[in-house]
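# Residue-level structure breakdown
Here is what each chain is made of, one letter per residue.
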Amino acid sequence: MNTGFSVVLGMRNFGHIRQIALTIAMSALFAACATSQPAQPPAPAPPPVLAAPRPTTTPQVVGMASWYGPGFHGRKNALGGVYRQEDLTAASIEFPLGSRVMVTNLDNGRSVEVTITDRGPFKKGRKIDLSHKAARMIGMLDPGTARVRISLISKPAGTRDVGTPLRYWVQVGSFSDHRNAEQVRGRLASTYPDVHVVDVLDADSHRYYRVRMGAFATRDAAEARASDSARFGLPVAIVTE
């Protein structure tokens, strides 16, 4: 046998086999590429749903302010304390008694915080009467009046909302001792269903307990109750808040 021919034939067969193997390997690779899909990036998470913020509005009143002082200094105020012109207080019917408000002079931007301790002003068309000290702090002593913005800071619990109509109460006593107030309330409660004790803190941090009946939507209704309850011999006053 010709060994040289056999070697050549074997080498040709080997080369042919290697080519077939390479072809099979390439086919498998292409098939894998054709059937496999590239990994998809994860879908972005939806943004969190946030609750819409509730609109917050501070009750405000804009109008003319004036001030009061010497003629009222030392007199009893509507909150049960004594008016002192160098305290940071004010008189207004726009806000419940005991409310704390920020008063801003719209002419110069100066502001002062005061407590509503009195009813007023007595001049028509004005929104607030400031104490002498409060008026000085916002620069309105000399002109006597100023256009102001009055913003509510806080008000006693259970009092009317700013901007709602005034309510009328029949007050039958104001006491520094809670027990005395409860005794009077008990006497009246057997006759009237709307008697209650109101806890009030004045500008000097003195606490008072007031016995009241109401509220009444009109002054006529309050006066009718005041007239009827006068038979108990108690000091009766009509209060607006």
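Look a little higher up for the structure.
Residues numbered from 1 in each chain as written. Predicted model: local features only at pLDDT ≥ 70, side-chain atom pairs only at ≥ 80, totals over all residues. Heavy atoms only, no water.

### Some points on the overall build of the chain
The cut-off we apply is this: In this text, helices come from DSSP runs of H or I with a minimum length of four residues, and strands from runs of E with a minimum of two, each type numbered from the N-terminal end. In this scheme, a residue with accessible area under 20% of its type's maximum is buried, one over 50% is exposed, and one in between is partly exposed, where area comes from a 1.4 Å probe on protein chains only. Throughout, the Shrake-Rupley method with a 1.4 Å probe supplies accessible areas, and for residues the shown protein chains are the sole cover considered.
Within the chain, the secondary structure is distributed over 4 helices and 10 strands. Each helix and strand of the chain, placed in order from N terminus to C terminus, yields the pattern α-β-β-β-β-β-α-β-β-α-β-β-α-β. Considering the chain as a whole, with its 241 residues, one finds that 34% of them fall into the buried category. Approximately 14,900 Å² of the chain is accessible, and the part contributed by carbon and sulfur atoms is 58%.

### Considerations on the sheet that holds strand β2 (residues 89-91)
Applied cut-off: Here the rule is simple: two strands pair whenever DSSP picks up at least two bridges between them. Fitting a line to C-alpha atoms yields each axis, with helices limited to the stretch in contact; the angle taken between N-to-C directions then spans 0 to 180 degrees.
Taken together, 6 strands build a closed barrel; the order of strands is β1-β5-β2-β4-β3-β6 and the barrel is mixed. Adjacent strand axes in the sheet meet at a mean angle of 45 degrees when their direction is disregarded. Pairing analysis gives 5 bridges linking strand β3 (residues 100-105) to strand β4 (residues 111-118), with the strands arranged antiparallel. Directly across from V103, in β4, lies its bridge partner V112.

### Description of the side chain of D118
Defined as follows: Here the positive residues are Lys and Arg and the negative ones are Asp and Glu; neither His nor the chain ends is included. Think of a salt bridge as a Lys or Arg side-chain nitrogen and an Asp or Glu carboxyl oxygen that are within 4 Å of each other. Only heavy atoms matter for contacts: two residues are in contact if any of them lie within 4.5 Å across the pair.
By the element assignment, D118 lies in strand β4. Buried D118, no salt bridge; nearest opposite-charge side chain is R119, N-O distance 7.5 Å. Residues contacting D118, with those up to four places away along its chain left out, are Y68, N77, A78, A90, A91, S92 and L97.

### Observations concerning the nonpolar core
Note the following rule: As used in this record, nonpolar core signifies buried Ala, Val, Leu, Ile, Met, Phe, Trp, Tyr and Cys residues forming a set joined through side-chain atoms within 4.5 Å.
The biggest cluster of nonpolar side chains holds 23 residues, and the ones touching the most others in it are F95, V101, V103, V114, I128, L130 and V148. The set of elements that each furnish at least two residues to this core consists of β1 (60-67), β3, β4, β5 (126-130), α2 (132-137) and β6 (146-154). A per-element tally of this core places β6 first, with 4 residues. In this structure L130 touches S66, W67, Y68, T89, A90, V103, V114, A135, I138 and M140, once residues within four positions along its chain are discounted. By size, the runner-up hydrophobic cluster in this structure holds 16 residues, among which are V184, Y192, V195 and F232.

### Focus: the layout of surface pockets
Let me state the cut-off plainly: Every definition here rests on a 1 Å grid over the protein atoms only: cavities are sets of points where a 1.4 Å probe fits but cannot get out, pockets are open sets enclosed by protein on both sides within 12 Å along at least five of seven lines, and lining residues have some atom within 4 Å of a point. Grid points are joined across faces, edges and corners, and a volume is the space filled by probe spheres set on the points. Nonpolar residues are Ala, Val, Leu, Ile, Met, Phe, Trp, Tyr, Cys and Pro. Charged residues are Asp, Glu, Lys and Arg, and all others, Gly as well, are polar.
There is about 410 Å³ of room inside the largest pocket. The wall of the largest pocket is formed by 23 residues, among which L97, P156, D199, V200 and L201 lie closest to the centre. Elements with a minimum of two residues in the lining of the largest pocket: β8 (195-201) and β9 (207-216). At 5 residues, the largest contribution of residues to the lining of the largest pocket is made by β8. Taken together, the residues that form the lining of the largest pocket break down as 9 nonpolar, 7 polar and 7 charged.

### Concerning the sheet that holds β9
Strand pairs in the sheet, formed through backbone hydrogen bonds, run parallel or antiparallel to each other. Across the sheet, which stays open at both edges, the 4 strands sit in the order β8-β9-β7-β10 with antiparallel pairing between neighbours. Each edge of the open sheet is held by one strand with a lone partner, namely β8 and β10 (237-240). Direction aside, the axes of adjacent strands within the sheet are offset by 45 degrees on average. Looking at chain direction, strand β7 (residues 168-175) and β9 are connected through 6 bridges and run antiparallel. Its bridge partner being in β9, Q171 is matched across the sheet by R212. Set on the sheet, helix α3 (residues 178-189) makes contact with β7, β8 and β9; between it and β8 the angle comes to about 155 degrees. Lying on the sheet, helix α4 (residues 219-229) is in contact with β7, β9 and β10; it crosses β7 at an angle near 40 degrees.

### What about the packing of aromatic side chains?
Cut-off, in case you're wondering: The aromatic pairing rule takes the rings of Phe, Tyr and Trp, using the six-membered ring of Trp, and pairs them if the centres are within 6.5 Å, calling planes under 30 degrees apart stacked, those over 60 edge-to-face and the rest tilted. Charges are assigned to positions over rings by a cutoff of 6 Å between ring centre and Lys NZ or Arg CZ, combined with an angular limit of 35 degrees from the ring normal.
This structure, assessed with the given rule, holds 4 aromatic pairs. Taken together, the aromatic side chains of Y68, F72, Y83 and F122 make up a single cluster linked through ring pairs. Here the guanidinium or amino end of R75 rests over the ring plane of F72, the centre of that ring lying 5.5 Å away.

### Thoughts on α4
To keep things clear, this is the line we draw: Directions from the helix axis toward the C-beta atoms define the arc.
Here α4 has its buried residues at A222, R225, A226 and S229. Across the axial projection of α4, the buried residues extend over an arc of 100 degrees, all falling on one side. Those residues of α4 that are exposed and aimed more than 90 degrees away from the buried face are D220 and S227.

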